[in-house]
Amino acid sequence: MVRLKSPEDIEKIRQAGQIINLVFEILKGKIRPEIDTLSLDNLIEDFIRSHNARPAFKGYRGYPAASCISVNDEVVHGIPSRDKVLKDGDIVGIDIGVELGGYYADAAYTFGVGSVAEEDKRLMEATYNALMNAINKAKTAKYIGDISYTIQRTVEKAGFSVVRDFIGHGVGFEIHEPPSVPNYGRPGTGERIRPGLVIAIEPMVNAGTWEVDIDREDKWTVRTKDRKKSAHYEHTIAILEKGVIILT
Ligand code: MF3
Ligand code: CO
């Protein structure tokens, strides 16, 4: 069951979302060669808690950290570690969920480390464009499938592929709620879009094949099957009577 949000609910989700935006601003200045991903996660957790909020991923289905930090061929759910040290040319996806007073927001951003290869910049740009085109589409879309189709078309036109095994979702009262928001699909399919709907749109885009593997040891880290790079951007948005607002 999709639970629609009131304007008051949406304002509270936005406040949770603003904490994520602030932490991404700080991260911009911290991401450089030689920093390890656990240090970034500690910074994220401290920042969230200093705002009387909670990192929503920590403890979710046993997930051990405040954020997911996925480097290069890691698609999503990379576990921060002292041993994962960033180096020049890496691309690093950081996914953060925040709970503030019982309301949840979710966002992700892919950063380049030092000087990034042209092809990797193109991958990041196509993924970001897919997210932004999807948000724009949400202003007039009638079905979730209209959004999904927009993402898939943007990505495939650029020559990349969309991950099938992980998708966007409703968010707000919980970190993951119905409806499903796939990054591929056909217009006119899926849940109807209506005012009060709050969703996290999160294209995960691979340079090569869309197929992925889950790490056998940690059971979390998702990697591209061909070990080519992957990018991920995510915003939490609300559908209103008139248009959409980005809450993160
Ligand atoms: N990547 C997921 C999302 O953005 C959230 C991670 S769930 C966790 O919806 F368990 F890894 F925390
Ligand atoms: Co999400």
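Before reading on, note that the structure itself is shown above.
Fair warning: this is a prediction, and the values are worked out from it, not measured in the lab. (Residues numbered from 1 in each chain as written. Chains lettered and ligands numbered in written order. Predicted model: local features only at pLDDT ≥ 70, side-chain atom pairs only at ≥ 80, totals over all residues. Heavy atoms only, no water.)

(A) Spotlight on the side chain of Asp90. By secondary structure assignment, the location of Asp90 is in the loop between strand S3 (74-76) and strand S4 (91-100). On the basis of relative accessible area, Asp90 is assigned to the buried category, the value being 3%. Within the local environment of Asp90, its side chain forms a polar contact with the backbone nitrogen of Lys87, the two atoms lying 2.8 Å apart. When near neighbours in sequence (up to four residues on either side) are disregarded, Asp90 contacts Val71, Asn72, Val85, Phe111, Gly112, Val113 and Val116. (Helix = DSSP H or I, 4+ residues; strand = E, 2+ residues; numbered from the N terminus. Buried < 20%, exposed > 50% of the residue type's maximum accessible area, 1.4 Å probe, protein only. Polar contact = N/O pair within 3.5 Å; in protein donor to acceptor, adjacent residues only side chain to side chain. Contact = heavy atoms within 4.5 Å.)

(B) Molecular detail of the pattern of salt bridges. In total, this model carries 17 salt bridges according to the counting rule given. A salt bridge links Lys5 to Glu177, with the shortest nitrogen-to-oxygen separation between them at 2.7 Å. Note that Lys5 is positioned in the segment before helix H1 (7-28) and Glu177 in strand S8 (residues 177-181), a separation of 172 residues in sequence. Here Lys5 and Glu177 have matching classes, each one buried. (Salt bridge = Lys/Arg side-chain N within 4 Å of Asp/Glu carboxyl O.)

(C) Focus on empty space enclosed by the protein. Counted according to the given criterion, the structure contains one cavity of 30 Å³ or more. What the largest cavity holds in volume is close to 30 Å³. Lining the largest cavity we find Ser70, Glu74, Val75, Val92, Gly93, Thr110, Ser230, Ala231 and His232. Contributing elements (two or more residues each) for the lining of the largest cavity: S3, S4 and strand S13 (230-232). Considering every element that reaches the lining of the largest cavity, the biggest residue donor is S13, with three residues. In terms of residue class, the lining of the largest cavity is built from three nonpolar, five polar and one charged. (1 Å grid on protein atoms, 1.4 Å probe; cavity = no way out; pocket = protein on both sides within 12 Å on 5 of 7 lines; lining within 4 Å. Points joined across faces, edges and corners; volume = space filled by probe spheres on them. Nonpolar A, V, L, I, M, F, W, Y, C, P; charged D, E, K, R; others polar.)

(D) Spotlight on the nonpolar core. Of all hydrophobic cores here, the largest spans 43 residues; its most connected members are Leu27, Ile31, Val92, Ile94 and Ile96. Residue assignment for this core shows that the elements contributing at least two residues are H1, helix H2 (37-50), strand S2 (67-71), S4, strand S5 (103-112) and strand S9 (198-201). No other element matches H1, which puts eight residues into this core. Setting aside anything within four residues of it in sequence, one finds Ile96 in contact with Ile20, Val23, Phe24, Leu27, Ile44, Ile48, Phe57, Ser67, Ala105, Asp106 and Ala107. Counting residues in each nonpolar core, the second largest holds 29 residues, with Ile135, Ala138, Val181 and Ile237 among its members. (Core = buried A, V, L, I, M, F, W, Y, C linked by side-chain atoms within 4.5 Å.)

(E) Seen up close, the coordination of the cobalt ion (ligand 2). Every protein donor of the cobalt ion (ligand 2) is listed here as Asp106 (OD), His169 (NE2), Glu202 (OE) and Glu234 (OE), and their distances to the metal cover 2.0 to 2.2 Å. In this structure, the cobalt ion (ligand 2) is surrounded by six donor atoms whose angles at the metal cover 57 to 175°, and the resulting shape is irregular. Sequence positions of the donors to the cobalt ion (ligand 2) reduce to the motif D-x62-H-x32-E-x31-E. With His169 in strand S7 (residues 168-170) and Glu234 in the loop between S13 and strand S14 (235-239), the pair connects residues that are 65 residues apart, well separated along the chain. (Donors = N, O, S within 2.8 Å, 3.2 Å for Na, K, Ca; no water. Tetrahedral: all angles 85-135°; square planar, octahedral: opposite > 155°, others 65-115°.)

Such coordinate-based values are descriptive only and should not be taken to indicate function.
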